[in-house]
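Report on the structure
Here is what each chain is made of, one letter per residue.
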Amino acid sequence: MGYDNFVPAKTIMKILFCSITYGKNIFAGMENAAFNFVHGLRESGHNVFVFTSNAYIKSGKQNGIVVKTSDFLPHDFPTTDGDILRIYKKNKIKISIELKEFIRETLPDLIISWDPLWGIVQYVDKKALCGIKTAVVFHVVSALPILKRANTYNYDFYFAVSTNLALQIKPNVTKKINILPNSINFRLYKPWLLPKKKPYITINGRLSPEKGINYAVQGAIPFLKRNQNYKLILFSGDFPFGDKNIVKSEILSILTRHNLENRVIWKNNIEWRKIPKILMQSSIVILPSLFESFGIAALETMASGTLLICTNVGNLPTLVQDTAIIVRPKSIKSIEKALLSLTSKDIHNKPRAKKSRHIAQMYDRKRIADGFIKQIKAKI
C-alpha cells in the first residue's frame, strides 16, 4: 500500500535513528531503505540523528544529519545473526552508556530501531532510553529468539515493511503491527532524459542464494541466443557480509557452457546511486527472488518505467500489481517462456510504464516519511 492519502505532518520532531549499518551508498536493500527513510524525514523538515557503527561513516554532521558512531557495535560484517548477538551481549553496557549520552545531547522525541536485529535498541539497557517513545521496524523474518525479544521488549510502536511480512511475524509478535513501506528517491528516475533503451537484460539483485540469480541466468539463455544484440547485466563485488563467490562461480560455469561469457556486463561493487541509470537504460529487468519482504528492487524498476519480470513471492505481487510479468520462483522454464514471448510492443509499452511509475511515486521517500510521522503523531 502507498501513502497517497497522507498529508505532510506540520509538527517538527526530533528523531533518533538506530541501525548498525548506515551511510554508505551500497548495493544492499536494508541499508538503502534506511538511507532513504532518514533523508525522507530530513526533507520533511524533521531533525534526525543517527546512532550507528563505524563501518561506513564517521561521527559528525552528514548532509544535515548528526551522526554518532560507536566502536562497540558490530562493524566488520559478522557472517551470522549469532555473531551480531554475541557482540551486542559482550558490549551491552558500553553501548548503553554511549547511547544514553547521545540521547542527552540530542533530546529526541522518538527513537527508531531499524529492524530487531540491526536496530540495537532491544539489546541495550532500557534505562539508557530515558523513557523516550520507541519504534521498531521489521524488515525480514528474523530467528525466533530475536522475534520473541522484540515482542517482550515492549516498544511503543511496531512496524513492518509490508502487510505480507506483518502476517508472517504476527504469530510471534502479539502487538499491533503498522505498515511502513520501504521507499526510494523518486526524483532520481527520469527516463525521458536518457537516449533510447539499450538491448540489456538486467538481473537486479546481489549474488546471494536467496536472490535466485542463477535461475534467471539460465532462463535468459535461449533469449540471448535468439537475440544476438542483447547483453546481460549482473552485479558482483564485496557486499555486506561477504561476496557470494560460490554463486558467481556457478553463474560463470553456466555461461561458459553456453559460450555466453562474453555477453555479460559485470557491474562490480556498484553504488546504489548508479542503479537508476542502469535500470532506465535497460530494456528488461528480471527480479528472480526466492522471497521478498518488500521488494525495493522491483520498486526501482517500476520507477524506471522498464519492463519487469518478477517472481510471485512475498510482497512482490501486491507491489507490482499488473505492471509486471509474474513468474514462479526457481522456475527456469517460467522465466524462459516469459522472455521468449516478449515483443518490441511489450518492451516499449507506454501505458504500462506510466502506471508502474505512478505506483512507484507513491513510495517516494518524503511521502513515506510524512505517512510515518502522521501515524506516530496520532498516538503520542
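About the thresholds
Residues numbered from 1 in each chain as written. Predicted model: local features only at pLDDT ≥ 70, side-chain atom pairs only at ≥ 80, totals over all residues. Heavy atoms only, no water. Helix = DSSP H or I, 4+ residues; strand = E, 2+ residues; numbered from the N terminus. Rg over C-alpha atoms; globule rule 2.2 N^0.38 Å. Buried < 20%, exposed > 50% of the residue type's maximum accessible area, 1.4 Å probe, protein only. Contact = heavy atoms within 4.5 Å. Lys, Arg positive; Asp, Glu negative; His and termini not counted. Charge placed at Lys NZ, Arg CZ, Asp CG, Glu CD. Phe/Tyr/Trp six-rings, centres within 6.5 Å; stacked < 30°, edge-to-face > 60°. Lys NZ or Arg CZ within 6 Å of the ring centre and 35° of its normal. pLDDT = per-residue confidence, 0-100. Axes fitted to C-alpha atoms, helices over the stretch in contact; angles between N-to-C directions. Left-handed = near helix turned anticlockwise from the far one by under 90°. Nonpolar A, V, L, I, M, F, W, Y, C, P; charged D, E, K, R; others polar. Pairing = 2+ DSSP bridges. Right-handed = clockwise from strand over helix to strand, strands pointing away. Polar contact = N/O pair within 3.5 Å; in protein donor to acceptor, adjacent residues only side chain to side chain.

Focus: the overall build of the chain
Helices and strands together make up the secondary structure of the chain, namely 13 helices and 14 strands. For 380 residues, the compact-globule estimate of 2.2 N^0.38 gives 21 Å, and the chain sits close to it at 21 Å. With respect to the principal axes defined by its C-alpha atoms, the chain has extents near 65 × 40 × 40 Å. Taken over 380 residues, the chain has a buried fraction of 56%. Put simply, 69% of the contacts in the chain that link residues at least 6 apart link residues at least 24 apart. Distance from the positive charge centre (56 side chains) to the negative charge centre (27 side chains) of the chain: 5 Å.

What to know about the packing of aromatic side chains
Counted according to the given criterion, the structure contains 14 aromatic pairs. Taken together, the ring pairs in this structure connect Phe17, Tyr22, Phe35, Phe37, Trp114, Phe159 and Phe372 into an aromatic cluster. When the ring centre of Trp266 is taken as reference, the NZ or CZ atom of Lys248 above it lies at 4.7 Å.

A look at the confidence of the model for the chain
A residue-level look at the chain finds 93% of positions with pLDDT of 70 or above and a mean pLDDT of 90. Scored below 50 in pLDDT, residues 1-9 shows 24 contacts in the model against residues more than four places distant or in partner chains.

Describing unusual backbone geometry
Residue Ile120 is not a glycine yet carries a positive backbone phi of 75 degrees. Examined against the element boundaries, Ile120 turns out to sit in the loop between strand 5 (110-114) and strand 6 (133-138). Residue class for Ile120 comes out buried when judged on its relative accessible area of 1%.

Thoughts on the packing of helix 5 (residues 213-226) against helix 10 (residues 332-340)
It is the contact of helix 5 with helix 10, at a shortest axis distance of 8 Å, that shows an interaxial angle of 35 degrees. Crossing handedness for the pair helix 5 and helix 10: right-handed. Between helix 5 and helix 10, the residues in contact are Tyr215, Ala216, Gln218, Gly219, Ala220, Pro222, Phe223 and Arg226 and Ile332, Ile335, Glu336, Leu339 and Leu340, respectively. Taken together, the residues that form the contact of helix 5 with helix 10 break down as 9 nonpolar, 2 polar and 2 charged.

Looking at the sheet that holds strand 14 (residues 324-327)
As summarised here, the arrangement of the 6 strands in space is 11-10-9-12-13-14, forming an open sheet in which the pairing is parallel. Each edge of the open sheet carries a strand with a single partner, namely strand 11 (264-268) and strand 14. Geometrically, the sheet is characterised by an average inter-axis angle of 20 degrees between neighbouring strands, direction not taken into account. Of the pairings in the sheet, the one linking strand 9 (residues 200-203) to strand 12 (residues 284-287) comprises 3 bridges and is parallel in character. By the bridge assignment for strand 12, Ile203 is matched with Ile286.

With respect to the pairing of strand 7 (residues 157-160)
Across the two faces of strand 7 the burial is the same, with Phe157 and Phe159 and Tyr158 and Ala160 all buried. Where strand 6 meets strand 7, 4 bridges bridge the pair, whose relative direction is parallel. Bridge assignment links Phe138 to a residue of strand 7, and that residue is Ala160. Crossover handedness for the path strand 6 to helix 3 (residues 144-153) to strand 7: right-handed.

Concerning the environment of Ser53
Summarising the element assignment, Ser53 is placed in strand 2 (residues 47-53). Residue classification places Ser53 among the buried residues on the basis of a relative accessible area of 1%. On a C-alpha basis, the gap between Ser53 and Glu210 in space is 26 Å, while along the polypeptide they are 157 residues apart. Contact partners of Ser53, with chain neighbours within four places excluded, come to Ser19, Ile20, Thr69, Ser70, Leu73, Pro74 and His75. Within the structure, Ser53 has its side chain in polar contact with the backbone oxygen of Pro74 (distance 3.4 Å).

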